[in-house]
Amino acid sequence: MTPTSDTSGPLARYGHMWRFVPRELGFLALTFPVALAGFITTITLVTTGAGTIITFFIGVFLVIVALYVGRGFGTLELVRLGWAGRRQIERPQWPDAAATGFWGWIKAMLGSGHYWLYLLHTAVINVVVSLVTWTITVVWVSLAFSGLTYWFWEYVVPGSGVDWNIGAQWFGNTPVGEFVGATVVGLLAAATLPFVTRGLVLLHDLIARGILGAFASDALRRQVGDLEASRGAAISAEGHSLRRLERDIHDGPQQRLVRLQMDLAAADRQLATDPEKARALIAEAMQQSKDALEELRSLSRGFAPPILLDRGLVAALESSAVRSTVPVRVVSTLDPELALPQEIERNAYFAASEALANAAKHSGATEVTVTVETRRVPETDDTWLTVTVADDGRGGAVAVDGHGLAGLDERLRGIGGALEVQSPVGGPTAVVAHLPLAASVAGSVRTP
């Protein structure tokens, strides 16, 4: 729960702020010691590296270490802000040494604006801001504590040396006046403490969002990378599906139709001389035509069935459940008025059908449950359609290249989705398909 959670009424909001005061005080109390440690470490490394830059390798190595230290302290600041109750800040993407090689990684690291901003935050900005916020925090807490406990130090523990001399002009230059003045100051400081801690933490949060957060270009670059990966996955999945369909047609209906043609030709030759044999050949040809029709119907399940187009995803899944050789229960939390895009419906149906077929063939399950629901991700404000096929079978399902689950994963990645397989040995198995919903559709989804 974050400090921006919805509350009603000024008193309720004020009480809600007090809930975060311990966290915010903990954050502010450690701010300056942590910032000072980061400042000393990074400044020492940077100055030493600059002084030894003539040796190049030692100087560059020390600068790289300083960048890593700055990254570490900056990441620690983000973690501490999250612990203090602030909304999560999107982290930047860091250069990957494994992907670019050593020299490419060094070049990318030294050229990364995020590393230098983290170093700037640790070596300069945070230590200055933390000194100010830490001082204000200590003064404010001291005012509240000393003012509210003035009676204890002045009267219960005589000779403590605590002498505020507050209230001499407002309430009279008397012990009572000084006591009343100290108490008033303590009450005011305590009453405003939530606003002070919230404001100081918010200052750190704003600075961190501007300096330590991901750039807008990072999200665009990540989106382009995801689209390229999705495009490659879609092309691969389409090619795999076409090759499988071609193989299935060649090995199944095509062979039966060739056999049917041969049987009919043989029956035609035997019709005049041996009617009984011709009749037997015709009967065999009829059986071949029935088998070919059944295989064509089976292959047609790889295409969108009419019920999916006419009545939607849930009705199509219920129809598949009726045809399954294993008892299947379909559970849906979708709004009946929600209109899903045809591409999303079709891929969700394919995912569920493939998972149901695998469960019937390989799992040894006695019951399968298909769950259809929408899920909203508050951090990114995205909405996903989730289809889960869970069975009570033996488990051990894995995605193998060139087979059903791997092809299904490629199909989902082609539209920006993802496949999740949870199948420990011994069961149970859950195959979860995540499909992204467009903003126009997501806006009509009722979230719990």
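Note that the structure is a prediction, hence the values are computed from the model and not measured.

1. Some details on the overall build of the protein chain
- From N to C terminus, the protein chain includes 16 helices and 5 strands.
- The buried share among the 448 residues of the protein chain stands at 36%.
- Surface summary for the protein chain: the accessible area is close to 25,400 Å², and the carbon and sulfur share equals 63%.

2. Description of the pairing of strand S3 (residues 382–391)
- Burial analysis of S3 places 8 of its 10 residues in the buried class, which makes it a mostly covered element.
- Looking at chain direction, strand S2 (residues 368–377) and S3 are connected through 10 bridges and run antiparallel. Across the sheet, arginine 375 pairs through a bridge with tryptophan 384, a residue of S3.

3. Brief notes about helix H2 (residues 21–51)
- For H2, built from 31 residues, the straight-helix expectation of 45 Å at 1.5 Å per residue is met to within 8% by its first-to-last C-alpha distance of 45 Å.
- Of all the positions in H2, only Val21, Glu24, Phe27, Leu28, Thr31, Phe32, Ala35, Gly38, Thr42, Leu45 and Gly49 are classed as buried.
- Where H2 is buried, its residues meet helix H1 (10–19), helix H3 (57–83), helix H5 (113–148) and helix H8 (193–211).

4. Observations regarding the packing of H3 against H5
- In the contact formed by H3 and H5, the axes pass within 8 Å of each other and the chain directions differ by 75°. Overall, the two elements H3 and H5 adopt an arrangement that is roughly perpendicular. Touching Val63, Ala66, Leu67, Tyr68, Gly70, Arg71, Phe73, Gly74, Thr75, Glu77 and Leu78 of H3 are Tyr115, Trp116, Tyr118, Leu119, His121, Thr122 and Asn126, all from H5.
- Residue composition of the contact of H3 with H5, by class: 10 nonpolar, 6 polar and 2 charged.

5. A few points about H3
- Helix length check: H3 (27 residues) gives 39 Å between terminal C-alpha atoms against 39 Å at 1.5 Å per residue, within 8%.
- Following H3 by one or two positions, glycine 85 adopts a phi angle in the positive range, close to 105°.

6. Observations regarding the sheet that holds S3
- As summarised here, the arrangement of the 5 strands in space is S1-S2-S3-S5-S4, forming an open sheet in which the pairing is mixed. Every other strand in the sheet has two partners, leaving strand S1 (328–332) and strand S4 (418–422) as the edge strands with one partner each. The mean inter-strand angle of the sheet, taken between neighbouring strand axes irrespective of direction, is 20°.
- Note: S4 against strand S5 (residues 429–436), 5 bridges, orientation antiparallel. Across the sheet, residue alanine 418 finds its bridge partner in S5, namely histidine 434.
- Where helix H14 (residues 342–363) meets the sheet, it contacts S1, S2, S3 and S5, and its direction lies at approximately 20° from that of S3.

7. Details of the nonpolar core
- Ranked by size, the top nonpolar core spans 34 residues in total, and within it Leu313, Leu317, Val370, Val372 and Leu385 carry the most contacts.
- Where this core is concerned, the elements lending two or more residues are helix H13 (313–323), S1, H14, S2, S3, helix H15 (404–413) and S5.
- Counting residues per element, this core draws most heavily on H14, which supplies 9 residues.
- Contact partners of valine 370, with chain neighbours within four places excluded, come to Leu317, Val328, Arg329, Val330, Val331, Leu356, Val387, Thr388 and Val389.

8. Topic: the environment of threonine 42
- Tracing the sequence through the fold places threonine 42 in helix H2.
- The class for threonine 42 is buried, based on a relative accessible area of 0%.
- Distance from threonine 42 to leucine 62, taken between C-alpha atoms, is 9.6 Å for residues 20 residues apart in sequence.
- Beyond its immediate sequence surroundings of up to four residues, threonine 42 is in contact with Ala66, Val69, Gly70, Leu119, Thr122 and Ala123.

9. A word on a nonpolar patch on the surface
- There is a patch of nonpolar side chains on the surface, built from Leu264, Ile282 and Met286 and spanning about 270 Å² of accessible area.
- For isoleucine 282, the position within the fold is in helix H11 (residues 275–300).

10. Some details on the confidence of the model for the protein chain
- In the predicted model, the protein chain carries a mean pLDDT of 77, and 72% of its residues have values of at least 70.
- Looking across the protein chain, the model is least confident in helix H16 (residues 439–442), with a mean pLDDT of 46, and most confident in H8, with 92.
- Under a pLDDT of 50 for its full length, residues 439–444 has, in the predicted model, 7 contacts with residues more than four places off or in other chains.

11. Points about the environment of leucine 257
- In this fold, leucine 257 is placed in helix H10 (residues 253–270).
- Look at leucine 257 and you get partly exposed, because its relative accessible area is 46%.
- Considered as a pair, leucine 257 and glutamine 288 are 31 residues apart in the sequence and their alpha carbons are 7.3 Å apart.

12. Let's talk about the environment of isoleucine 307
- With respect to the helices and strands, isoleucine 307 occurs in helix H12 (residues 306–311).
- A relative accessible area of 23% places isoleucine 307 in the partly exposed class.
- Residues isoleucine 307 and leucine 317 lie 10 residues apart in sequence; the distance between their C-alpha atoms is 9.4 Å.
- Other than its neighbours up to four places away in sequence, isoleucine 307 contacts Gly312, Ala315, Ala316 and Ser319.

13. Describing the packing of H2 against H3
- Axis separation between H2 and H3 bottoms out at 9 Å; the angle between their running directions is 175°. In terms of axis orientation, H2 runs roughly antiparallel to H3.
- When grouped by side-chain class, the residues that make up the contact of H2 with H3 number 14 nonpolar, 9 polar and 3 charged.

14. A look at the pattern of salt bridges
- In this structure the tally under the stated criterion is 4 salt bridges.
- Here arginine 198 ties to glutamate 24 by a salt bridge, and the two come within 2.7 Å at their closest N and O atoms. Placement of arginine 198 in helix H8 and of glutamate 24 in helix H2 is noted, with a sequence separation of 174 residues between them. In this structure, arginine 198 and glutamate 24 share a single accessibility class: buried.

15. Here we look at the packing of aromatic side chains
- Applying the stated criterion across every chain yields a total of 5 aromatic pairs.
- Seen from their ring centres, tyrosine 68 and tyrosine 115 are 5.9 Å apart, and the 75° between their planes marks the pair as edge-to-face. With tyrosine 68 in helix H3 and tyrosine 115 in helix H5, this pair connects stretches of sequence that are 47 residues apart.
- For tyrosine 68, a relative accessible area of 37% gives the class partly exposed.
- You can call tyrosine 115 buried: its relative accessible area is 0%.
- Judged by centre distance (6.2 Å) and plane angle (55°), the rings of tyrosine 349 and phenylalanine 350 are tilted.
- Note on tyrosine 349: relative accessible area 3%, which makes it buried.
- Aromatic rings pair up to connect Tyr14, Trp18 and Phe195 into one cluster.

Cut-offs applied
Residues numbered from 1 in each chain as written. Predicted model: local features only at pLDDT ≥ 70, side-chain atom pairs only at ≥ 80, totals over all residues. Heavy atoms only, no water. Helix = DSSP H or I, 4+ residues; strand = E, 2+ residues; numbered from the N terminus. Buried < 20%, exposed > 50% of the residue type's maximum accessible area, 1.4 Å probe, protein only. Areas by Shrake-Rupley, 256 points an atom, 1.4 Å probe, with all protein chains shown as cover. Pairing = 2+ DSSP bridges. Expected span 1.5 Å × (residues − 1). Contact = heavy atoms within 4.5 Å. Axes fitted to C-alpha atoms, helices over the stretch in contact; angles between N-to-C directions. Parallel < 35°, antiparallel > 145°, perpendicular 65-115°, else oblique. Nonpolar A, V, L, I, M, F, W, Y, C, P; charged D, E, K, R; others polar. Core = buried A, V, L, I, M, F, W, Y, C linked by side-chain atoms within 4.5 Å. Patch = residues over 30% accessible without salt bridge, like charges linked within 9 Å, V, L, I, M, F, W, Y side chains within 5 Å. Salt bridge = Lys/Arg side-chain N within 4 Å of Asp/Glu carboxyl O. pLDDT = per-residue confidence, 0-100. Phe/Tyr/Trp six-rings, centres within 6.5 Å; stacked < 30°, edge-to-face > 60°.

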